[in-house]
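Structural overview for review
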Protein chains: 2
Amino acid sequence: MEDAQVTTNEIQASIVCSATHYDKQRTPAGVIAEYLGLNPQPTFNVEAVCASSGVGLRIGWSFISSGLHDTVAVVGFQKMTELSSAEVQEVMGRSGDVMWESPFGTTMPAYFALYAKSHMQKYGTTEEQLAKVAVKNHFYATKNPKAMFQEEITVEDVLKSRMIASPLKRYDCCANSDGAACIILASEDVARKVTDTPVWVAGLGLASSPMALTSRGPSYASFDCSVNAAKQAYGMARIKPKDVDIAEVHDCFTITEIINYEDLGFCERGRGGKLAEEGQTYLGSKIPVNIDGGLLAKGHPVGATGASQIRTLVKQLRGEAGETQVNGAEIGLAHNLGGIGMYCAVTILKT
Amino acid sequence: MEDAQVTTNEIQASIVCSATHYDKQRTPAGVIAEYLGLNPQPTFNVEAVCASSGVGLRIGWSFISSGLHDTVAVVGFQKMTELSSAEVQEVMGRSGDVMWESPFGTTMPAYFALYAKSHMQKYGTTEEQLAKVAVKNHFYATKNPKAMFQEEITVEDVLKSRMIASPLKRYDCCANSDGAACIILASEDVARKVTDTPVWVAGLGLASSPMALTSRGPSYASFDCSVNAAKQAYGMARIKPKDVDIAEVHDCFTITEIINYEDLGFCERGRGGKLAEEGQTYLGSKIPVNIDGGLLAKGHPVGATGASQIRTLVKQLRGEAGETQVNGAEIGLAHNLGGIGMYCAVTILKT
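**Topic: the overall build of chain A**
Scanning chain A for helices and strands turns up 12 helices and 10 strands. Expected size for 351 residues packed as a compact globule is a radius of gyration near 20 Å; at 19 Å, chain A falls within 12% of this value. Per-residue burial over chain A gives 59% buried out of 351 residues.

Given below as structure tokens:
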């Protein structure tokens, strides 16, 4: 609110975004609106697992575009450390189909390991290429004071780290985190009044895929919902993938970032591993991706992630990103994947 | 979908509304969209406890008004019987503040009992007046084949029923239910194409109150969020309370219906008990309220309730309500309260 120069009175609605079952408090919007002083304005909860605040942004945009409200706060948060790590693992698994899949051991890393195996088999992607993603994101986390992990790692560190779900090792996975991020959305009139450096929502995409893996396929080397959401967002923004100056993509696991490169059109299908290997997603290369540390190293407090991606893009598009500033950044893309890939929100921002 | 004459392909987004923590399946939108054949369209979950689908309707309306979509399904559901009744009681209590209130025994009936005591003390409302609400709603449930309870009860039955949280007895409380209801929203163009009897959304209101009871008061005889949401909805629809031909109000407990009469302006402040006593909310009286059985007797599958209220109003406004038809009904109001009164959605429909 300080950054956007708005007060609680001026915020006409708040949208609270989080994945459920992590904390004892049900229906957190009730508490959050009270603590933030946002009563009696409308508030409620939105949930699309890891894509919760990406969806929240879409709803906030609609509230403003439809004329219901002028200024909306999208509050993403998660407090995962109230549960033990075994409990988190179980709760997360239940984001898959609880009838036919999660009872048989499909925890979150297991789901994504399956995608990794499929991608490796189909395109020859290697464990070293996966490791390169973790190395990049940990490198940039050292430049982000808000990142959870603050030490550089090497490809060897990743390869030698503890196996979680083959081929994904400790450093191929994001960690359980606590955190929060907030986006203030405003109508054009309000935005022009409160700031000289507004950032505009140019494109929105939201799509779904079937929950059950058996209803997807035949291969598991791409997320259909990402492809569809990206297509919508590019269309609405009237841009092409090559026009994106900086991207925040959902790297819950290293394999996810590689698949995202392809699903978002940053490289040809099957070339995602190569893009990582060649360092083409570092600052100054083809397309800088997750140069705030990403989910892998900045942290992944589930409901906060989509809003945190937007925060990074806003800083970049305003030219306030310091050491990691992309020169002349005008177009940013946020890709926010939910659960085991059944929801995806893509947002394109412009200066 | 059959009723609205639309197919799954034509539904451009689905909004799944439910309260959380009742079933093993997290993030139900993923499963529901898959089972209904609504992939790859956008889908996600919305939660405002008992007001979830009232909020879902507002979001769907915004998606259409903002031009994002033409046709949206708002799916409300709840499956409460997977848990034991003790577990339901605990989960429900956690819809209050878990730091300062629910650990001290504030289950859902206890919260509303406090409002009942306050209303009785302030306005002289009696247990017999509360009972009259239950008698009316059970009477109308016998005329609704979809209602959970199908037997008439008397004031004496209510007064003699088991004490739950003084002064609320068994028949003053709704029961744990399983159920679902779905609203198909469409743009004006689509609506005119698929039906000769469209029902229009004329007014929307959504407001919040602080979660903690200590942050409300000084009295507990009204729900501020109801008053604020109603004011917004009446303003947008440009009508007054006396213009409403039929109302669906949130009677999770008998006292709630009485307070709602006052909060919605159907009678003067403090006269709600009298309105019930005089039978002024029966069909053919001042203002017919919950003549489908209400939450008390139709059932209250939490996330489905708001959508079910809309279903009743749509039937009435189309003149399809049979034995309980309000003659010449043109304006209907749905009042959907969330949790312990921290969210309220009011919707006004017109022919």
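This is not the end of the story, as more comes after the structure.
**Let's talk about the packing of helix α4 (residues 108–123) of chain B against helix α9 (residues 254–263) of chain B**
Residues and elements named next belong to chain B. Between α4 and α9, the least distance of the axes is 9 Å, while the angle of their chain directions is 55°. The pairing of α4 with α9 is recorded here as oblique in orientation. In the crossing of α4 with α9, the sense of the turn from one axis to the other is left-handed. When α4 is examined against α9, the residues F112, Y115, A116 and H119 are found in contact with a partner set consisting of I255, T256, I258 and I259. Residue composition of the contact of α4 with α9, grouped by class: 6 nonpolar, 2 polar and no charged.

**Considering the nonpolar core**
One broad trend across soluble globular proteins is that nonpolar side chains are buried collectively. With 230 residues, the main nonpolar core has V74 of chain A together with V74 of chain B as its most contacted residues. In contact with V74 of chain A, not counting residues within four places along its chain, are I15, C17, S53, G56, L57, G60, C182, I183, L185 and A307 of chain A.

**A closer look at the interface of chain B and chain A**
Counting residues at the interface gives 47 residues for chain B, matched by 47 residues for chain A. Here strand β2 (residues 43–47) of chain A runs beside strand β2 (residues 43–47) of chain B; their pairing, made up of 3 bridges, is antiparallel. From the neighbouring strand, N45 of chain A faces β2 of chain B, where its bridge partner is E47 of chain B.

**Observations regarding the relation of the copies chain B and chain A**
For these two chain copies, the linking operation is a rotation about an axis paired with a shift along it. For the pair chain B and chain A, the relating rotation is 180°, the translation along its axis is 0.0 Å, and the fit reaches an RMSD of 0.0 Å. A rotation of that kind, with that shift, is consistent with a two-fold axis. Looking at the interface residues of chain B, 100% of them are also at the interface in chain A, so both copies use one shared face.

**Quick word on the sheet that holds strand β3 (residues 71–79) of chain A**
Spatially, 8 strands are ordered β6(A)-β3(A)-β1(A)-β2(A)-β2(B)-β1(B)-β3(B)-β6(B) in an open sheet, and the strand pairing comes out mixed. Two strands in the sheet have a free side with no partner beyond their single neighbour: β6 (178–186) of chain A together with β6 (178–186) of chain B. Here the average twist between neighbouring strands, direction ignored, is 25°. When strand β1 (residues 13–17) of chain A meets β3 of chain A, the two strands line up parallel, connected through 5 bridges. Looking across to β3 of chain A, one finds that V16 of chain A is bridged to V75 of chain A. Against the sheet, helix α2 (residues 52–65) of chain B contacts β2 of chain A together with β1 (13–17), β2, β3 (71–79) and β6 of chain B, and its axis sits at roughly 165° relative to β3 of chain B. In the packing of helix α12 (residues 305–317) of chain B onto the sheet, contacts are made with β1, β3 and β6 of chain B, and the angle to β6 of chain B comes to roughly 60°.

**Examining the environment of Q121 of chain B**
Among the structural elements, Q121 of chain B can be located in helix α4. Distance in space between the C-alpha atoms of Q121 of chain B and A221 of chain B is 9.2 Å, their sequence separation being 100 residues.

**As for the sheet that holds strand β9 (residues 331–338) of chain B**
Residues and elements named next belong to chain B. Taking strand neighbours across the sheet as the criterion, the 4 strands line up as β7-β10-β9-β8 in an open arrangement whose pairing is mixed. In the strand order of this sheet, the two ends are held by β7 (200–208) and β8 (246–248), each with one partner. Pairwise comparison of adjacent strand axes, ignoring direction, gives a mean angle of 15° for this sheet. Across 8 bridges, β7 lies against strand β10 (residues 343–350) in antiparallel orientation. By the bridge assignment, G203 is partnered in β10 with I348.

**Thoughts on unusual backbone geometry**
Of note, the bond from N39 of chain B into P40 of chain B is cis; its omega dihedral lies within 30 degrees of zero at 5°. By secondary structure assignment, the location of P40 of chain B is in the loop between α1 (29–36) and β2. Here the residue pair G217 of chain B and P218 of chain B is connected by a cis peptide bond, since its omega of 10° sits within 30 degrees of zero. Residue position: P218 of chain B is located in the loop between β7 and α8 (224–237). Look at R238 of chain A: it is not a glycine, yet its phi comes out positive at around 55°. Position of R238 of chain A among the secondary structure elements: in the loop between α8 (224–237) and β8 (246–248).

**Some words on the packing of α2 of chain B against α12 of chain B**
Residue and element names in this part refer to chain B. Remark: α2 packs on α12, axes separated minimally by 5 Å, with the N-to-C direction vectors making an angle of 70°. Between α2 and α12, the angle is such that the two are roughly perpendicular. In this structure, α2 uses S52, S53, G54 and L57 to contact α12, whose residues at the interface are T305, G306, A307 and I310. For the contact of α2 with α12, the per-class residue count stands at 3 nonpolar, 5 polar and no charged.

**Examining the pairing of β1 of chain A**
All names here are of chain A. The buried fraction of β1 is high, at 5 of 5 residues. On β1, burial covers both faces: A13, I15 and C17 on one face and S14 and V16 on the other are all buried. One crossover worth recording links β1 to the parallel β2 by way of helix α1 (residues 29–36), and it is right-handed.

**Let's talk about the environment of L36 of chain A**
If you trace the backbone, L36 of chain A turns up in helix α1. Here L36 of chain A falls in the partly exposed class, since 17 other C-beta atoms lie within 10 Å of it.

**With respect to the pairing of β2 of chain B**
In terms of residue burial, β2 of chain B counts as a mostly covered element, since 5 of its 5 residues are buried. By the alternation rule, side chains of β2 of chain B split into T43, N45 and E47 of chain B and F44 and V46 of chain B, which are all buried.

**Considerations on the environment of T107 of chain B**
Residue and element names in this part refer to chain B. Along the chain, T107 turns up in the loop between α3 (85–93) and α4. For the pair formed by T107 and Q89, sequence separation is 18 residues and the distance between their alpha carbons is 6.3 Å. Contact partners of T107, with chain neighbours within four places excluded, come to Q89, M92 and G93.

Cut-offs and rules
Residues numbered from 1 in each chain as written. Chains lettered and ligands numbered in written order. Predicted model: local features only at pLDDT ≥ 70, side-chain atom pairs only at ≥ 80, totals over all residues. Helix = DSSP H or I, 4+ residues; strand = E, 2+ residues; numbered from the N terminus. Rg over C-alpha atoms; globule rule 2.2 N^0.38 Å. Buried ≥ 20, exposed ≤ 12 C-beta atoms within 10 Å, placed from the backbone. Axes fitted to C-alpha atoms, helices over the stretch in contact; angles between N-to-C directions. Parallel < 35°, antiparallel > 145°, perpendicular 65-115°, else oblique. Left-handed = near helix turned anticlockwise from the far one by under 90°. Contact = placed C-beta atoms within 7 Å. Nonpolar A, V, L, I, M, F, W, Y, C, P; charged D, E, K, R; others polar. Core = buried A, V, L, I, M, F, W, Y, C linked by C-beta atoms within 7 Å. Pairing = 2+ DSSP bridges. Least-squares fit on C-alpha atoms with pLDDT ≥ 70 in both. Right-handed = clockwise from strand over helix to strand, strands pointing away.

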